[in-house]
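Next come the chains, spelled out residue by residue.
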Amino acid sequence: MSTPLPAGGPPPDPIATAPPGPPGPPAGAAPAILARGLHRSFGTVRAVAGVDLAVRRGSVTALVGPNGSGKTTLLLILAGLLAPDHGSVLVAGADPASSALARSRIGWMPDSFGTWDSLTAVEVLTTMAGAYRLGREEGSARAWDLLRAVHLDDLATAPAHTLSRGQKQRLGMARALINSPDVLLLDEPASGLDPRSRIEMRALLRGLAAGGTTVLISSHVLAELDEMVDDAVFLTRGRTISAEQLGTGAGTRRWRLRSLDPAALQRWAAQAGVPLVADTDTPDVEGSVLVDVADDAAAAALLAAAVGAGVPVVSLAPVSGLLEQAYLTLDTDRR
Ligand SMILES: Nc1ncnc2c1ncn2[C@@H]1O[C@H](COP(=O)(O)OP(=O)(O)OP(=O)(O)O)[C@@H](O)[C@H]1O
């Protein structure tokens, strides 16, 4: 299913289009991206050395791994821009290396945006629209809708090469969406974006996923992905080492608990049998301790019990995001 922006008129509000609850495909639906046994070497460097991947339709999935773990190489293969040495790939139902139809249903945003020197921002998009065989009027309407969606309409007639890094990233996102892709592959899309643009990108991607688009996104900034992704796939040294569904609130995590009265907190914890851990990361913050909690419901119960016992609790929050926690527990290795 494609997710066209309406021709003309204001861009859709991605937040307004998102239904309540996680989107998710119907049970048993085929994954939008399926890779099996992928390998790709450059000379002696085994950039991708055993990737298995299944990405749920309509999900936002993080592709996470240290420098040199093969994320860009994998995304290039999935986009049909690089042939694997071994292994099979299905994106939107076909092999993107051999199927022009599959490629036409993919949106690709590389980690750096190369521009043609002579084209303005809107011409970059209308040129791409032409390459996807959109008619002149439709391509122009789509280009303007996308410029508005990424807040670049004021710079539409500026030469694209004069845009700032963050503006180029936003134009790169618009370019990746010109063909209303079913599958969107994004390589470090948030690098160079200011905080507001990051929030807007998050809302845009969630809105696209709510409309059925599948998004696979690589980034090193795990905190930024945390609030946006449904699933995560972890790579190290060219191999997938883990795939997780996030956001279920399950799994033991370390939380930071802060009280206005540290002694009262310690007394209550001793009586209630709650083991507290010293918070060595924030030695200057008085009354801050760490506590391991089984899941979100247990955190709510802990908070209710402490407050009910008269402990003046200021805050209780996870020490790290789900993604960061999952990442740090893995045996990842830079190269
Ligand atoms: N065209 C190439 N020629 C030779 N080696 C390459 C080429 N492309 C990638 N590599 C090597 O393959 C490995 C994986 O690179 P890749 O760019 O896929 O990693 P990455 O996870 O995207 O890294 P980063 O997070 O730093 O962007 C690296 O060791 C890299 O040096």
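In case you missed it, the structure is sitting above this.
The written sequence of each chain sets the order in which its residues are numbered from 1. Totals for whole chains, interfaces and linings use all residues, but because this is a predicted model, local features are given only for residues with pLDDT of at least 70 and pairs of side-chain atoms are given and counted only at 80 or more. Just so you know, side-chain values use all the structure's heavy atoms and leave hydrogens and water out.

Novice: Is there a simple way to explain the site of the ligand in this structure?
Specialist: Near the ligand lie 13 residues; those nearest to it are Gly68, Lys71, Thr72, Thr73 and His220. Note that an oxygen atom of the ligand is positioned 3.1 Å from one of the backbone N or O atoms of serine 69. Threonine 73 is positioned with one of its side-chain polar atoms (N or O) 2.6 Å from an oxygen atom of the ligand. Considered on its own, the ligand offers 640 Å² of accessible surface; in the complex 61% of this is hidden by protein. In this description a helix means any DSSP run of H or I spanning at least four residues, a strand means any run of E spanning at least two, and both kinds are numbered starting from the N terminus. Listing elements by their share of the shell around the ligand, those giving two or more residues are β2 (45–55) and α2 (71–78). Top contributing element to the shell around the ligand by residue count: α2, with three residues. In the scheme used here, Gly and all other residues not listed as nonpolar or charged are polar, with Ala, Val, Leu, Ile, Met, Phe, Trp, Tyr, Cys and Pro taken as nonpolar and Asp, Glu, Lys and Arg as charged. Broken down by class, the residue content of the shell around the ligand amounts to four nonpolar, seven polar and two charged. We call a residue near a given molecule or strand whenever any one of its heavy atoms falls within 4 Å of it. Definition of a polar contact: a pair of N or O atoms within 3.5 Å, with one able to donate and the other able to accept a hydrogen when the atoms are protein atoms, and with sequence-neighbouring residues admitted only if both atoms are side-chain atoms. Note that accessible areas follow from Shrake-Rupley with a 1.4 Å probe, and for residues the cover is restricted to the protein chains shown.

Novice: I tried to follow helix α4 (residues 121–131) on my own but got confused; where do I start?
Specialist: Given 3.6 residues per helical turn, the α-helix brings residues three or four places apart onto the same face. For every residue, the accessible area (1.4 Å probe, protein chains only) is compared with the maximum for its type, and the residue is labelled buried under 20%, exposed over 50%, or partly exposed between those bounds. Considered for burial, the residues of α4 that qualify are Ala121, Val122, Val124, Leu125, Met128 and Ala129. Each buried residue of α4 sits inside an arc of 160° when the element is viewed along its axis, so together they form one side. Should any heavy atoms of two residues lie within 4.5 Å, those residues are considered in contact. Among the structural elements, α5 (136–149) and α6 (165–177) are those in contact with the buried residues of α4. The first or second residue beyond α4 is arginine 133, which carries a positive phi of 65°. Note that the arc is defined by the directions from the helix axis to the C-beta atoms.

Novice: In this structure, what is going on with the pairing of strand β3 (residues 60–64)? I would like to understand it.
Specialist: In the case of a regular strand, side chains alternate between the two sheet surfaces. Among the five residues in β3, five count as buried, and that is most of the element. What you see with β3 is no split at all: Val60, Ala62 and Val64 on one side and Thr61 and Leu63 on the other are buried throughout. Pairs of strands are assigned from DSSP output, requiring at least two bridges between the strands. As paired strands, β3 and strand β7 (residues 214–218) are joined by four bridges and run parallel to one another. Paired with threonine 61 across the two strands is leucine 216, which belongs to β7. Alignment of β3 against strand β8 (residues 231–236), held across four bridges, turns out to be parallel. Across the sheet, the residue bridging to alanine 62 is alanine 232, located in β8.

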